[in-house]
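Descriptive analysis of the structure
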Amino acid sequence: MFADVKCPPVCPRGGAFGSTPLCPPSCFHYKGALDVFYKIIRQEGFFRLWRGTNAGLALAVPTVGIYLPCYDIFRDRLEGYLSDNAPQLMPYAPLLAGSMARSLACITCSPIELARTRMQAQKGIPMGVKPPGMWKTMLGVLSPKTEPTPRNFQGLRVLWTGVGAQLARDVPFSAICWATLEPVRRYILGMVGDDAKAVNILGANFSAGFVAGSIAAAATCPLDVAKTRRQIEKDPMKAMKTSTKQTLTNIWRDGGLRGLFMGVGPRVGRAGPSVGIVVSFYEVVKYLLHQTQTAS
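Conventions we followed
Residues numbered from 1 in each chain as written. Predicted model: local features only at pLDDT ≥ 70, side-chain atom pairs only at ≥ 80, totals over all residues. Heavy atoms only, no water. Phe/Tyr/Trp six-rings, centres within 6.5 Å; stacked < 30°, edge-to-face > 60°. Helix = DSSP H or I, 4+ residues; strand = E, 2+ residues; numbered from the N terminus. Buried < 20%, exposed > 50% of the residue type's maximum accessible area, 1.4 Å probe, protein only. Contact = heavy atoms within 4.5 Å. Axes fitted to C-alpha atoms, helices over the stretch in contact; angles between N-to-C directions. Parallel < 35°, antiparallel > 145°, perpendicular 65-115°, else oblique. Left-handed = near helix turned anticlockwise from the far one by under 90°. Nonpolar A, V, L, I, M, F, W, Y, C, P; charged D, E, K, R; others polar. pLDDT = per-residue confidence, 0-100. Polar contact = N/O pair within 3.5 Å; in protein donor to acceptor, adjacent residues only side chain to side chain. Core = buried A, V, L, I, M, F, W, Y, C linked by side-chain atoms within 4.5 Å. Salt bridge = Lys/Arg side-chain N within 4 Å of Asp/Glu carboxyl O. Expected span 1.5 Å × (residues − 1). Patch = residues over 30% accessible without salt bridge, like charges linked within 9 Å, V, L, I, M, F, W, Y side chains within 5 Å. Areas by Shrake-Rupley, 256 points an atom, 1.4 Å probe, with all protein chains shown as cover.

As a further point, take the packing of aromatic side chains. Tallying each qualifying case throughout the model produces 3 aromatic pairs. Here the aromatic rings of Tyr71 and Trp178 are separated by 3.8 Å at their centres, their planes lie at 15 degrees, and the arrangement is stacked. Placement of Tyr71 in helix α2 (residues 53-85) and of Trp178 in helix α5 (residues 163-192) is noted, with a sequence separation of 107 residues between them. As far as burial versus exposure is concerned, Tyr71 and Trp178 are alike and both buried. Taking the centre distance of 6.1 Å and the plane angle of 35 degrees together, the rings of Phe206 and Phe210 count as tilted.

Let's shift gears to the side chain of Asp170. With respect to the helices and strands, Asp170 occurs in helix α5. A relative accessible area of 3% means that Asp170 is categorised as buried. Setting aside chain neighbours within four positions, we find Asp170 in contact with Arg102 and Cys106.

This next bit is on the packing of helix α6 (residues 198-219) against helix α10 (residues 264-295). It is at 7 Å that the axes of α6 and α10 come closest, and there the two elements cross at 150 degrees. Classified by the angle between their axes, α6 and α10 sit roughly antiparallel to one another. Of the two possible hands of crossing, α6 and α10 adopt the one that is right-handed. Of the residues that constitute the contact of α6 with α10, the class distribution is 17 nonpolar, 7 polar and 2 charged.

Take the confidence of the model for the chain next. A residue-level look at the chain finds 72% of positions with pLDDT of 70 or above and a mean pLDDT of 78. In the predicted structure, residues 1-6 sits below a pLDDT of 50 and forms 4 contacts with residues beyond four places in sequence or in another chain. Contacts from residues 146-153, a stretch scored under 50 in pLDDT, to residues over four places away or in other chains number 5 contacts.

Counting through the fold element by element, Ser274 comes out in helix α10. As for Ser274 and Gly213, which are separated by 61 residues in sequence, their C-alpha atoms are 7.9 Å apart. Separated by 2.9 Å, the side chain of Ser274 and the backbone oxygen of Arg270 make a polar contact.

Another aspect to go through is the nonpolar core. Core analysis: the biggest nonpolar cluster contains 23 residues, and Tyr67, Phe173, Cys177, Trp178, Leu181 and Val275 have the highest contact counts within it. Mapped onto this core, the elements with two or more residues apiece are α2, α3 (93-121), α5, α6 and α10. At 6 residues, the largest contribution of residues to this core is made by α2. In contact with Cys177, not counting residues within four places along its chain, are Ala212, Gly213, Ala216 and Val275. Counting 5 residues, the second largest nonpolar core, distinct from the first, contains Val225, Ala226, Ile251 and Leu260.

What follows is about the pattern of salt bridges. All chains considered together, the criterion is met by 14 salt bridges. The residue Arg169 makes a salt bridge to Asp170 at a minimum N-O spacing of 2.5 Å. Between Arg186 and Glu182 there is a salt bridge; the shortest N-O distance is 3.9 Å. Here the residue Arg186 and the residue Glu182 both occupy positions in helix α5, the gap between them amounting to 4 residues, near one helical turn. Bridged by salt links that share partners, the residues Asp72, Arg75, Asp76, Glu79, Glu182, Arg185, Arg186, Glu283 and Lys286 form one connected network.

What follows is about α6. Over its 22 residues, α6 runs 31 Å from end to end, which matches the ideal 32 Å to within 8%, given 1.5 Å per residue. Those residues of α6 that are buried lie in contact with α5, α7 (221-231) and α10.

The next subject is a nonpolar patch on the surface. A cluster of nonpolar side chains, contributed by Leu202, Phe206, Phe210, Val211, Ile215, Ile277 and Phe281, occupies part of the molecular surface with about 580 Å² of accessible area. Breaking the nonpolar patch down by element, the ones donating at least two residues are α6 and α10. Of all the elements, α6 adds the most residues to the nonpolar patch, at 5 residues. Tracing the backbone shows Phe281 in helix α10.

Of the residues examined, Ser99 reaches a relative accessible area of 14% and is grouped as buried. Aside from chain neighbours lying at most four places away, what touches Ser99 is Val171, Ser174 and Ala175.

Time to look at the packing of α5 against α10. Between two packed helices, the angle of one axis relative to the other and the distance separating the axes together describe the packing. Running from N to C, α5 and α10 cross one another at 60 degrees; their axes reach a closest spacing of 13 Å. Our classification of the angle between α5 and α10 gives oblique. Read as a crossing pair, α5 and α10 show a hand that is right-handed. Across the interface between the two elements, Arg169, Phe173, Cys177, Trp178, Leu181 and Arg185 from α5 touch Arg267, Ala271, Val275, Val279 and Glu283 from α10. Looking at side-chain class alone, the contact of α5 with α10 contains 7 nonpolar, no polar and 4 charged residues.

Structure representation (C-alpha cells):
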C-alpha cells in the first residue's frame, strides 16, 4: 500500500501514543552507511546514533585492560622462548600473542558484547521513551518475553551466544592487526631513533595502529557480519544451534559477496582510528610510567 509513497523528512507516527512508524517498507531497507545514518535519525532521532554507548564503554574498559597487558606478557615470553629455541619463528610471536590475548578478552567480556549488540539492533522504540539499558538487556536475554513464566530462566551459557563467531572474527583480526602493527611501528620508531619522546611514540603508534586496524577490519568483515547476525537472533535455541559456518553460508546465499562485506566501510572507518587511539595512548602511558619510575 506504500509502494508509491515517498518518505517525508521526519518519519510520521500513529497508533497508540504515536509509537508505530507510518513509513513505506523502503524506510527499513538500508543501502549504505550514509543511508543508515539518515534513516535512523529520521525514524528514531539524532541521539539514537549513540545507542549502546554505555555498554560500549563497559565493554571497552575491561577488554582493553585484559587484552593489551596480556598481549605484552605473551609476546615477551614468546620472544624470549623463540629467541633461544627457534629464532626463525620470531616474526610470528606478535601474531600468536595477539591471538591468545584476544581469545582471553573475548571469552571474559562476551556477555557485555552481546548486550551491546542487542541494544544497538533494537528498532521501533518511540521517541521520548527510554530504551532498556545494558543490565535490563542482559536479563532479557536470560528470560525473554516469549517465555511462559519469568522464572523460566535459560542457562547462563545463553549470555555467551555468538562467542564462537566473535572468536572467529576477533582472533584473526588480532592476528592480522599485530602481525602488521609491530613491523610498521618498529620501522617508524627506527626512523625517529633513540630520542623518541612521548609525542613521537604517540604518532608512531597511532599511525601503525591505524594502518593495521584498517587492514584487519577489512579482511575480517564477513566474520563480523556473521557474529552480528547470530547475536541479534531473537530465537535463543536457533542462535545456539546455528554455527558460524552455517551463518556465513546463509549470508552468501542471500546476498553473495556484497552481503558478506556489508558495512565494511563503517567497520574500517571505526577500527582504524580506534586501534590507533587505544594502542598509542596505551604506549604513551607505559612510556610515562617508565620515565617516572626511572626518575625516582
